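The chain contents come next:
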Amino acid sequence: MAKILTLTLNPALDLTVRLARLEPGAVNRSEAMLTHAAGKGVNVAQVLADLGHDVSVGGFLGEANPQAFDALISRRGFGDAFVRVPGETRSNIKIAEQDGRVTDINAPGPLVSEEAQHALLDKVAMIGAQFDAVVVAGSLPRGVSPQWFQGLLQQLKGLGLKVALDTSGEALRTGLQAGPWLVKPNTEELAEALDYATDAISQLHQQGVEHVVVSDGAAGVTWYRPGTALHATPPKVTVASTVGAGDSLLAGMLHGLLSDEAAEQTLRRATAIAAMAVTQIGFGISDDAQLAHLESGVDVRTLTEQ
Ligand SMILES: Nc1ncnc2c1ncn2[C@@H]1O[C@H](COP(=O)(O)OP(=O)(O)OP(=O)(O)O)[C@@H](O)[C@H]1O
Ligand SMILES: [Mg+2]
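What you see is a predicted model, and the numbers here were worked out from it, not measured in a lab.

**A short note on helix 5 (residues 169-176)**
Consideration 1: Turning to helix 5, its buried residues are A171, L172, T174, G175 and L176.
Consideration 2: The inward-facing, buried residues of helix 5 contact helix 4 (146-158), strand 9 (162-166), strand 10 (182-183), helix 6 (187-194) and helix 7 (200-206).

**Topic: the site of ligand 1**
Consideration 1: Taken together, 20 residues lie near ligand 1, and N186, S215, A218, G246 and A274 sit nearest.
Consideration 2: If you list the elements that add at least two residues to the shell around ligand 1, you get helix 8 (245-258) and helix 9 (263-278).

**Some words on the environment of L9**
Consideration 1: By secondary structure assignment, the location of L9 is in the loop between strand 1 (3-8) and strand 2 (12-19).
Consideration 2: Counting along the chain gives 52 residues from L9 to L61, while the straight-line C-alpha distance between them is 8.0 Å.
Consideration 3: When neighbours within four sequence positions are excluded, L9 is seen to be in contact with G59, F60, G138, L140, P141 and V144.

**Re the domain arrangement of the protein**
Consideration 1: Domain boundaries in the protein define domain 1 (1-23 + 30-119) and domain 2 (216-306).
Consideration 2: Here the side of domain 1 that touches domain 2 is composed, by residue class, of six nonpolar, two polar and two charged.

**Quick word on unusual backbone geometry**
Consideration 1: Residue D260 is not a glycine yet carries a positive backbone phi of 55°.
Consideration 2: By secondary structure assignment, the location of D260 is in the loop between helix 8 and helix 9.
Consideration 3: On the basis of neighbour count, D260 is assigned to the exposed category, with 7 C-beta atoms found within 10 Å.

Reading the values: rules and limits
Residues numbered from 1 in each chain as written. Chains lettered and ligands numbered in written order. Predicted model: local features only at pLDDT ≥ 70, side-chain atom pairs only at ≥ 80, totals over all residues. Buried ≥ 20, exposed ≤ 12 C-beta atoms within 10 Å, placed from the backbone. Helix = DSSP H or I, 4+ residues; strand = E, 2+ residues; numbered from the N terminus. Contact = placed C-beta atoms within 7 Å. Near = placed C-beta within 6 Å. Domains from an automatic or database assignment. Nonpolar A, V, L, I, M, F, W, Y, C, P; charged D, E, K, R; others polar.

So, in structure tokens, the structure goes:
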């Protein structure tokens, strides 16, 4: 069991509204409305907890609507490293219709002041050294610059933590310069951050990024380490919802790496955990027998040996 901190700088309340058919401009009646605490680091934390790790969650949380997060933190027994900021944590509304169509409406988060940013750096400096690894995941909230973000990653690394990064756009581009231990972009995010350089992966290794885990939806995942790469193809599964697939993959990779499992088994289980996420409306490890079955359906092969 490892001790892991996940940081979500821009968490969200996921509000799922189910209805037969959306009629824009009319009064719609929903069949069900579900709210839950979300955000990439919060999702990763839940899968890590399912895998038996000791997890703390942190980042910035709006102080006006903390209930769903407080409830999750106490239900899962997470350590609480969130800095409370004025205003509301954003809500991401998902309108799910009977035919499977999903309409997303994502709100902006609260504006995070410099004072709050200092408070998070202070908090991390105070508690960081007790963790084996830190996951920094998701987008940047309003008020937080990519440069500040890079400084946060450098500080975490300076505390001796293994830093796993999952973000996109400018935050990923700038964050990579801090040389995190592991990065989990999908293929589009990586291409955008690296300007399609041909030797991009080896450049990342030279910058100190040891594990480059590139996910590609149903096509699977490629894990590049200096001098070697493994590719995993997931088994064919019926997709219920891809929410949390990337977060599940990241949690699975951390689990194997921090438990010193063999590389092939690490990637195999992580790929199975991600496949399990897509078979559910939510995500997480609810059924060990199903996970074992999915694992046996993952095809892992070596891509290169240099
Ligand atoms: N249809 C699918 N069948 C099986 N496995 C899947 C499927 N879609 C995704 N996965 C698994 O989940 C992993 C992560 O998916 P993806 O590459 O879409 O991540 P992402 O774009 O980061 O998603 P997220 O929205 O969660 O951030 C994939 O590498 C794959 O192992
Ligand atoms: Mg992702």
